[in-house]
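Coordinate analysis (summary)
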Amino acid sequence: MFFYNARINFYFERIFKIMRILLLFLIISFAHSDILERDDVQNFIKFAVDNSELTQAEIESYLIKAKASKKAQTARQNQPEVKATWDRYRNRYLTFSRINNGVKFVEENFEILESVEKDFGVSKFYVASIIGCETNYGSFLGTYNPLDTIFTRAFEPKNSFWQQELIELFILSKKYNLDPKAIKSSWSGALGLGQFIPSSYNNYGVDYDSDGIVDMYNSKKDGIASVANYLKENGWKSGNYVVSEVSVGEKYEKLQDQAISELELPFNLNNFKTRITANELLNEGFEFEGKFNEKISPLLVYEQGKTKLYLGFDNFRVITKYNRSSKYALAVHQLALEISKRFDD
């Protein structure tokens, strides 16, 4: 009798376990099917079918797995490019370990970087610096997945740019047989060694190892060359200035972050969209020497206890095409210089 009851209990436990699994499956299935029933998602599917070579079935097969990410929404609202002071932002990237790892990255990939520099005309130190800022030289590719993060940006709330990126993600996934739910990305869906959004991956990715696949996850050659190609295609000029540090002048040399932000000038400081002449800066009381023919994006910052003035040129503004932030571009420049100095030593 004991063994009989034990057997019955065993079977009941098995049945209840199977029922729980089925119930969970049904809940998930209903939740996912709800996504496809949404009016905004239906409109997107129609748009995607009309404006790409993807079929409705292919699009739905990706979308049915998508889920809005509250974590990605929170991350978006707390970006250091917006909230951090320059000193605090700089200290994230200009660390002893990131500089040393940058030197190591250049040493270990020197032949690739040299070849890419010759082929694309972009300094190996700036390529290494961008990869260092984006993924710590490939050691951190993100903790999100691009399907959920880009879906979130595309629909929570609706955003036409990110809906197009979602289409680009599906095109990329189909082309290389990727599962966009399974690969890693940043909070905004950036991918691989250089953290390319899907459209950049599709438009600027380079199959530098000639294996028929642009693989920014597993091929250093592809990842490095793609970063260089992105900069080249967006206007990088070999041998041209990126940033120049000049003297500030007495009028501004004591200013810290708050005072700098409150300055009223006929142009915007610390904004890569600003393009002025050196004379326009001098006319406002800045004091520096040198002839600069290119238009300037002036960067007045409080850095390590001193007020400093940097002049950003066309190559500086090219870096902001990668990340629309003057802080980011200045950090990339400074990290590139530090890697170069240590490498040459």
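Attention here is on the structure that accompanies the text.

Rules of the game
- Residues numbered from 1 in each chain as written.
- Predicted model: local features only at pLDDT ≥ 70, side-chain atom pairs only at ≥ 80, totals over all residues.
- Heavy atoms only, no water.
- Phe/Tyr/Trp six-rings, centres within 6.5 Å; stacked < 30°, edge-to-face > 60°.
- Helix = DSSP H or I, 4+ residues; strand = E, 2+ residues; numbered from the N terminus.
- Buried < 20%, exposed > 50% of the residue type's maximum accessible area, 1.4 Å probe, protein only.
- Contact = heavy atoms within 4.5 Å.
- Axes fitted to C-alpha atoms, helices over the stretch in contact; angles between N-to-C directions.
- Parallel < 35°, antiparallel > 145°, perpendicular 65-115°, else oblique.
- Left-handed = near helix turned anticlockwise from the far one by under 90°.

Take the packing of aromatic side chains next. Each aromatic ring pair is summarised here by two numbers: the centre-to-centre distance and the angle between the ring planes. The final tally for this structure, using the stated rule, is 19 aromatic pairs. Relative to Y137, the ring of F105 lies with its centre 5.5 Å away and its plane at 35 degrees, an arrangement referred to as tilted. Of the two residues, F105 sits in helix α7 (residues 96-108) while Y137 sits in the loop between α9 (124-135) and α10 (146-155), which places them 32 residues apart along the sequence. For the residue pair F105 and Y137, the accessibility class agrees, reading buried in each case. Aromatic pair Y126 and W236: ring centres 5.3 Å apart, planes at 55 degrees, arrangement tilted. A residue pair is termed long-range when its members are at least 10 positions apart, and Y126 in helix α9 and W236 in the loop between α13 (220-233) and β1 (243-246) qualify at 110 residues. Through successive ring pairs, a cluster of aromatic residues spans F196, Y204, Y230 and Y322.

Topologically, W162 is positioned in helix α11 (residues 160-176). Residue classification places W162 among the buried positions, given a relative accessible area of 9%. In this structure the C-alpha to C-alpha distance between W162 and G285, which are 123 residues apart in sequence, comes to 43 Å. Discounting residues that sit within four places of it in the chain, W162 has contacts with I150, R153, A154, S188 and I197.

Look at helix α2 (residues 39-50) against α11: their axes get within 11 Å of each other, and the N-to-C directions meet at 60 degrees. Considering the angle they form, α2 stands oblique to α11. Relative to α11, the crossing made by α2 is right-handed. Side by side, α2 and α11 meet where F44, F47 and A48 of the first sit next to Q163, Q164, L166, I167 and F170 of the second.

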